[in-house]
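The primary structure of each chain is shown beneath.
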Amino acid sequence: MASVKLSHVYKIYPGGTKAVKDFCMSIEDKEFIVFVGPSGCGKSTTLRMIAGLEDISNGEVYIDGHLVNDVEPKDRDIAMVFQNYALYPHITVYENMAFGLRIRKLPNEEIHRRVLEAAEILGITEYLDRKPKAMSGGQRQRVALGRAIVREPKVFLFDEPLSNLDAKLRTQMRAEIRKLHAKLNTTFIYVTHDQTEAMTMGTRIVVMKDGRIQQIDTPKNLYNHPCNRFVAGFIGSPQMNFYTATVNEANATVSIAHTDATFPCPRELFPKMHPQVRSGARPCVLGIRAERIRIAPEQGSDTAWCTVSHTEELGDESLIYGDLGTEALTVTEHGTEVVLRSVDDAPLPLPGCRIPITFDLSFAHFFDSDTGENVCPRIPQSNHLTVTVSGNTATWEDISIPLPPALQLESGTYMAEVPVDALANGKYGNFNIVCRETVEQKTLIHLRHGDHLLFTTATFGVGVTYTGLAPDFRKITWFQEGKIIQPPLLESSTLFGSVIRRRIREGGHKKTEFHLTVGEAELPLPDDILEELIKTAGVAILKKKLRYKIPPDALTVSDHGIRATVTRYLDYGAHKYILAQTETQTLLAETGAEIAGCICLIPDLHRLTYISDADDVILYN
Ligand code: ADP
């Protein structure tokens, strides 16, 4: 029984394939975790790194709190079940199950006890004397499971174990593996490309794409609250319907491009929706599942015509396929196809006929047309407020707040994008806490002020119903007419540096030292960082100028280091910064007091992030 933790894990294969990028996850003891995603997304590689069958390029893997990066697979206390059962054909089932234990030189009685117990759990006691070739695929897979069980591991790893079985047997074995999990009460990590398998088995599912985690969630949350279009399309069958659409907040509707379809949109969705999307300034991708579309009794203002192309009867439900396009039944180029699920007994419409349908948009999803991100998420990223600036005072509704000296905004009206984590408990205004919503272990507070609803992830005392707020001006973006006038303060600045090797003589011995050169500054590179850099970027690091990120509180003013000239002093009240210009770049450093002129800055190299051109590769978090 064990927990498993992966911290910023990367896998870069020798050929350069980045198979896994920045995989971070904590798996609790006794969880049933499924890694799912299309072929090649890095599921097996991740599993194999946990097993120790594949080296970890960067990051850490912990089993039960112990770092196992350099622990041999056999010493990790895990057991792995593969797609091809890998049984020995010439020995009996009993011996196949006992094999690993004999190698470990366990006493015979102990081996006997474990084999019989596992056989009992799996219902294969009567086959113990048989050879694998005299068994069916399902029975062989049970023996493979048995071989894992007898090891009594802390963690079971499964790599597509059911892919070789036919559909019926697969369903049956899924149920058996679930029962096995309940019986053994151990951590299971299971890899599959089949979303149905993932949904029916996992307590939590990790959806991956191109080596990156897209979402980690329960099956229900993945289905109901996908974080992006990829997850929305990957999970669920039939696939979610997607349309280019325009929202109109003024009359609370959503119109679908290339069709006459316009459906009513519940107003409750608007507060969390991105303002450019809800105002219709920016089209989005509307996602809706087949069961949220129904056939209307008659045509009306909330219906659209669907021309039926074909239907599928599946017993307890039917799927109706059609097209919403105005030029129906031509080959659609605009993505106006629709699939809807019908569970009533009414006769199915015939191909070619037109039926009125309606979308229940309370269950719709809205995604950004470019990035695919959910633009109406359960936890919105920001509040969007119309703010008037006059002198050094910002006013929203009846609340006036002095601007910090760092912000030099011209008088006028702005749209301020205030992240939900930038509103803390403070002295400005009087907001009514109308709702405390728990989403993914975070609490989202809904604050009402007049007609406005604001969101924050700040914490307030239990029982508090009214509060004042204090904005963190460093995190706010100021817009005018859609253009950014004042971006938020940078979270980090960029450094360009090269690693150089220097051979020196010390007391008659030759020694090699490594330095990071940034401009003229040479910063001694500690061994652990050098090792991490080489593991991540390869030895090529010694020849190339690389890009690094450094947060402002990791740059300290000193009498030596990177030479720069202070160009600005930014006073944000509790936090003060300088912008310092080197020959090639601008650095942001947090300071205690105002400084000017020529200075030197020393970066804390343990807080550098190396950025490869293709991806962010994080060295330290
Ligand atoms: P999945 O299990 O999701 O199908 P894999 O983890 O097997 O994906 O592979 C992820 C990526 O790494 C793929 O692009 C694959 O081609 C590549 N890959 C896998 N194994 C190796 C290897 N031994 N050498 C080089 N590339 C590999």
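Residues numbered from 1 in each chain as written. Predicted model: local features only at pLDDT ≥ 70, side-chain atom pairs only at ≥ 80, totals over all residues. Heavy atoms only, no water.

Let's shift gears to the overall build of the chain. Broken down by element type, the chain carries ten helices and 40 strands. Seen along its three principal axes, the alpha-carbon backbone of the chain occupies a region of about 95 × 85 × 55 Å. The buried share of the chain, reckoned over its 621 residues, is 48%. Here the chain displays about 30500 Å² of accessible surface, and carbon together with sulfur accounts for 49% of that area. Once the 66 positive and 77 negative side-chain charges of the chain are each reduced to a mean point, those two points are 6 Å apart. (Helix = DSSP H or I, 4+ residues; strand = E, 2+ residues; numbered from the N terminus. Buried < 20%, exposed > 50% of the residue type's maximum accessible area, 1.4 Å probe, protein only. Areas by Shrake-Rupley, 256 points an atom, 1.4 Å probe, with all protein chains shown as cover. Lys, Arg positive; Asp, Glu negative; His and termini not counted. Charge placed at Lys NZ, Arg CZ, Asp CG, Glu CD.)

Here the focus is the site of the ligand. Close to the ligand lie Tyr-13, Thr-17, Ala-19, Pro-38, Ser-39, Gly-40, Cys-41, Gly-42, Lys-43, Ser-44 and Thr-45, which account for all nearby residues. The contact in question runs from an oxygen atom of the ligand to an N or O atom on the backbone of Cys-41, over 3.0 Å. At 2.7 Å from an oxygen atom of the ligand is found a side-chain nitrogen or oxygen belonging to Ser-44. Alone, the ligand offers 560 Å² of accessible surface; in the complex the protein occludes 59% of this. A per-element tally of the shell around the ligand places helix H1 (residues 43–51) first, with three residues. Across the shell around the ligand, the residue classes tally to four nonpolar, six polar and one charged. (Near = heavy atom within 4 Å. Polar contact = N/O pair within 3.5 Å; in protein donor to acceptor, adjacent residues only side chain to side chain. Nonpolar A, V, L, I, M, F, W, Y, C, P; charged D, E, K, R; others polar.)

Before going further, it helps to examine the sheet that holds strand E20 (residues 365–368). Strand order in the open sheet formed by five strands is E13-E12-E11-E14-E20, with antiparallel pairing between adjacent strands. The open sheet has two free edges, formed respectively by strand E13 (262–264) and E20, since each of these has just one partner strand. Within this sheet the neighbouring strands show an average axis-to-axis angle of 40°, counted without direction. Sheet analysis places strand E12 (residues 253–256) next to E13, joined by three bridges and oriented antiparallel. Within E13, the residue paired with Ser-255 across the bridge is Thr-262. (Pairing = 2+ DSSP bridges. Axes fitted to C-alpha atoms, helices over the stretch in contact; angles between N-to-C directions.)

So, on to the sheet that holds strand E26 (residues 442–449). In space, the four strands of this open sheet follow the order E27-E26-E25-E28, with antiparallel pairing throughout. In this open sheet, the two edge strands, each paired with only one partner strand, are strand E27 (452–456) and strand E28 (466–471). Going from strand to strand, the sheet's axes swing by 50° on average, the running direction of each strand aside. Bridging between E26 and E27 involves five bridges; their strand directions are antiparallel.

Counted residue by residue, strand E19 (residues 354–359) has five buried out of six residues, so it is predominantly covered. Where strand E16 (residues 304–313) and E19 come together, four bridges link them in antiparallel fashion. Within the sheet, the bridge partner assigned to Ala-304 lies in E19 and is Ile-357.

It is worth spelling out the side chain of Arg-76 at this point. The residue Arg-76 is located in the loop between strand E5 (66–67) and strand E6 (78–81) in this model. Here Arg-76 is buried and forms no salt bridge, its nearest opposite-charge partner Asp-70 lying at an N-O distance of 6.8 Å. A polar side-chain atom of Arg-76 sits 3.4 Å from the main-chain carbonyl oxygen of Asn-69. Leave out the neighbours within four places in its chain, and Arg-76 touches Met-49, Ile-50, Ala-51, Gly-52, Ile-63, Val-68, Asn-69 and Val-71. (Salt bridge = Lys/Arg side-chain N within 4 Å of Asp/Glu carboxyl O. Contact = heavy atoms within 4.5 Å.)

Often, the extent of an interface is quoted as the loss of accessible area on bringing the components together. Here the chain is partitioned into domain 1 (4–231), domain 2 (238–368), domain 3 (382–486) and domain 4 (493–620). With centres defined by C-alpha atoms, the gap from domain 3 to domain 4 works out at 35 Å. Each partner contributes residues to the interface: domain 3 has seven residues there, and domain 4 has six residues. Of the roughly 580 Å² buried where domain 3 meets domain 4, counting both sides, 60% is carbon and sulfur surface. It is Pro-405, Ala-406 and Arg-474 in domain 3 that bury the most area against domain 4; as a group they hold 77% of the surface buried on that side. For the pair domain 3 and domain 4, the number of links is three residue pairs in polar contact (both at pLDDT 80 or more). A class-by-class count of the residues in the side of domain 3 that touches domain 4 yields five nonpolar, one polar and one charged. (Domains from an automatic or database assignment. Buried area = accessible area lost by both parts, 1.4 Å probe.)

Here Pro-297 lies in the loop between strand E15 (293–295) and E16. For Pro-297, a relative accessible area of 80% puts it in the exposed group. Sequence spacing of Pro-297 and Lys-535 is 238 residues, and the spatial spacing of their C-alpha atoms is 64 Å.

A few words now on the nonpolar core. Counting 45 residues, the largest nonpolar core has Met-97 and Ile-177 as its most contacted members. Residues in contact with Met-97, not counting those within four places in the same chain, are Val-115, Ala-118, Ala-119, Ile-124, Leu-128, Val-143, Gly-146, Arg-147 and Val-150. (Core = buried A, V, L, I, M, F, W, Y, C linked by side-chain atoms within 4.5 Å.)

This structure, assessed with the given rule, holds 28 salt bridges. Linking Glu-291 and Arg-341 is a salt bridge whose minimum nitrogen-to-oxygen distance equals 3.0 Å. One end of the pair, Glu-291, is in the loop between strand E14 (284–288) and E15; the other, Arg-341, is in strand E18 (residues 337–342), with 50 residues separating them in the sequence. Residue classification places Glu-291 among the partly exposed positions, given a relative accessible area of 29%. For Arg-341, a relative accessible area of 18% corresponds to the buried category. A salt bridge links Asp-553 to Arg-607, with the shortest nitrogen-to-oxygen separation between them at 3.2 Å. In this pair, Asp-553 is assigned in the loop between strand E34 (545–550) and strand E35 (555–558) and Arg-607 in the loop between strand E39 (598–603) and strand E40 (609–611), connecting sequence segments 54 residues apart. A residue is classified by how much of its surface remains accessible, and Asp-553, at 46% relative accessible area, is partly exposed.

In this fold, Glu-197 is placed in helix H6 (residues 195–201). The residues touching Glu-197, leaving out its near neighbours within four places in the chain, are Leu-162, Arg-170, Arg-174, Tyr-190 and Thr-192.

Moving on to a nonpolar patch on the surface. Together, Tyr-88, Phe-99 and Ile-103 give the surface a local cluster of nonpolar side chains, amounting to about 280 Å² of exposed area. Inspection of the secondary structure puts Tyr-88 in the loop between E6 and helix H2 (93–103). Taking relative accessible area as the criterion, Tyr-88 reaches 33% and is therefore assigned partly exposed. (Patch = residues over 30% accessible without salt bridge, like charges linked within 9 Å, V, L, I, M, F, W, Y side chains within 5 Å.)

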